[in-house]
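Letter by letter, the chains look like this.
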Amino acid sequence: LGFEFDPVKHLTLNLEGYFKYFPQLTNINRNKIFDDNADNTDKPDYLKKDFIIESGDAEGVDFSVKYDYKNIYLWVVYSLSFIHKWDGITDYVPHYDRRHNINIVTSYNFGENYEWGVDVRWNLGSGFPFTPTQGYYEDITFADGVNTNYTNANGQLGTIYADLNSARLPYYHRLDVTIKRHFILGQYSGLDAIISITNLYNRENIFYKDRITGEKVNQLPIMPSVGLNLTF
């Protein structure tokens, strides 16, 4: 449900709200502890099935402002969203639940025949959920069964997890800039020379962190590129 309003010429405001219910979502069963065989027919499905059926809902609101006049284009949008899932045991938020998201996109063309163009995009988003590490323990597999001497056995490093997706990554933001020059080659052909820079101010947006070593891996650093587009 939403509405659109034009307060002045070339300026458009848009506000939309939404709600959607998902009664049947297939997911991997995180609660499985038994094999799904004849020996465990008395065990409930949520403890032995590889996949389960979940329910969930998504709701939020989007607000956008668009200005478009001659050689200037500006588009700003803010999104507020909430996503919930229920697996029959736990009510949780999925890893793609982003609470706040802002996009600002602008384009400006200039020159005698508007052959030059500059495009700028800035994006900010709140952190995605993740399951934090609560602690570590020595995981002894008891490979020899009851004959395993656990007092001198060397196990692997095991991880104790906190509640599912109970923490958030840091905020994400990035600025991308593109400059292009158009050349007319013929009546139906043209050439665009493009220079672009991704993540202009070299923001260190986290990609993941290794739970064991503590190593932090970031997403794309500042990354320039050049290109040619030929149309005919």
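Please refer to the structure placed before this passage.
Computed from a prediction, not measured in an experiment: that's the story for all the values here. (Residues numbered from 1 in each chain as written. Predicted model: local features only at pLDDT ≥ 70, side-chain atom pairs only at ≥ 80, totals over all residues. Heavy atoms only, no water.)

Participant: It is not clear to me how the overall build of the protein should be interpreted in this structure. Could you clarify?
Facilitator: For the protein, the helix and strand inventory stands at zero helices and 16 strands. The C-alpha radius of gyration computed for the protein amounts to 26 Å, which surpasses the reference 17 Å derived for 232 residues by more than 25%, pointing to a less compact arrangement than a globule. Across its three principal axes, the protein shows a C-alpha extent of roughly 85 × 45 × 35 Å. Each of the 232 residues in the protein was classed as buried or not, and the buried ones make up 25%. (Helix = DSSP H or I, 4+ residues; strand = E, 2+ residues; numbered from the N terminus. Rg over C-alpha atoms; globule rule 2.2 N^0.38 Å. Buried < 20%, exposed > 50% of the residue type's maximum accessible area, 1.4 Å probe, protein only.)

Participant: Which parts of the structure should I look at to understand the side chain of Thr131?
Facilitator: Within the element layout of this structure, Thr131 appears in the loop between strand S8 (129-130) and strand S9 (133-139). Of the polar contacts made by the side chain of Thr131, one reaches the backbone nitrogen of Asn165; its length is 2.9 Å. (Polar contact = N/O pair within 3.5 Å; in protein donor to acceptor, adjacent residues only side chain to side chain.)

Participant: Is there a simple way to explain the packing of aromatic side chains in this structure?
Facilitator: For any pair of aromatic rings, the description rests on two quantities: the centre-to-centre distance and the angle between the ring planes. One pass over the full model with this rule turns up three aromatic pairs. Seen from their ring centres, Tyr108 and Phe110 are 5.6 Å apart, and the 20° between their planes marks the pair as stacked. In this structure Phe110 comes out as partly exposed when scored by relative accessible area, which is 30%. Judged by centre distance (6.2 Å) and plane angle (10°), the ring pair of Phe110 and Trp116 falls under stacked. When its relative accessible area of 33% is taken as the criterion, Trp116 is described as partly exposed. Its end group placed over the ring of Phe128, Arg98 keeps NZ or CZ at 4.1 Å from the ring centre. (Phe/Tyr/Trp six-rings, centres within 6.5 Å; stacked < 30°, edge-to-face > 60°. Lys NZ or Arg CZ within 6 Å of the ring centre and 35° of its normal.)

Participant: Is there a simple way to explain a nonpolar patch on the surface in this structure?
Facilitator: Taken together, the side chains of Ile72, Tyr108, Phe110, Trp116, Ile179, Ile195 and Val226 define a hydrophobic patch exposed on the protein surface, amounting to about 630 Å² of accessible area. Inspection of the secondary structure puts Ile179 in strand S12 (residues 172-184). (Patch = residues over 30% accessible without salt bridge, like charges linked within 9 Å, V, L, I, M, F, W, Y side chains within 5 Å. Areas by Shrake-Rupley, 256 points an atom, 1.4 Å probe, with all protein chains shown as cover. Salt bridge = Lys/Arg side-chain N within 4 Å of Asp/Glu carboxyl O.)

Participant: What exactly am I supposed to notice about the pairing of strand S4 (residues 72-86) here?
Facilitator: As a general feature of sheets, a regular strand has side chains that alternate between the two faces. With 15 bridges joining them, strand S3 (residues 51-69) and S4 adopt antiparallel strand pairing. Opposite Val61, over in S4, you have Leu80 as the bridge partner. Counted between consecutive antiparallel strands, the loop separating S3 from S4 contains two residues, among which Lys70 sits at a positive phi close to 50°. In this sheet, strand S6 (residues 100-110) lies alongside S4 in antiparallel orientation, the contact comprising nine bridges. Bridge pairing in S6 links Leu80 to His100. Summarising the sheet, S4 and strand S5 (residues 91-92) pair through two bridges and their orientation is antiparallel. Paired with Trp86 across the strands is Asp91, a residue of S5. Hairpin connection of S4 to S5: four residues between the antiparallel strands, including Gly88 at a positive phi of 95°. (Pairing = 2+ DSSP bridges.)

Participant: Mind showing me how you'd approach the pattern of salt bridges here?
Facilitator: Opposite charge on two side chains lets them pair, provided their charged atoms get close. All chains considered together, the criterion is met by 10 salt bridges. Taking the shortest distance from any N to any O, the salt bridge between Lys85 and Glu54 comes out at 3.9 Å. Here Glu54 lies in strand S3 and Lys85 lies in strand S4, a separation of 31 residues in the sequence. We classify Lys85 as buried; its relative accessible area is 12%. Among the ionic pairs, Arg168 bridges to Asp97, the shortest N-O distance being 2.7 Å. One end of the pair, Arg168, is in strand S11 (residues 167-168); the other, Asp97, is in the loop between S5 and S6, with 71 residues separating them in the sequence. The exposure class assigned to Asp97 is buried, which follows from its relative accessible area of 0%. Bridged by salt links that share partners, the residues Arg30, Glu54, Lys85 and Asp87 form one connected network.

Participant: I'm lost on the side chain of Asn199 in this one. Help?
Facilitator: Following the sequence through the fold, Asn199 ends up in the loop between strand S13 (190-198) and strand S14 (206-209). Judged by its relative accessible area of 0%, Asn199 is buried. At 3.0 Å, the side chain of Asn199 and the backbone oxygen of Leu220 are in polar contact. The contact partners of Asn199, leaving out residues within four places of it in the chain, are Arg174, Leu175, Asp176, Leu220, Pro221 and Ile222. (Contact = heavy atoms within 4.5 Å.)

Participant: In this structure, what is going on with the environment of His100? I would like to understand it.
Facilitator: Here His100 lies in strand S6. C-alpha separation for the pair His100 and Ser126, spaced 26 residues apart in sequence, amounts to 5.3 Å. His100 has contacts with Tyr78, Ser79, Leu80, Leu124, Gly125, Ser126 and Tyr171, leaving out every residue within four places of it along the chain. At 2.8 Å, the side chain of His100 and the side chain of Tyr78 are in polar contact.

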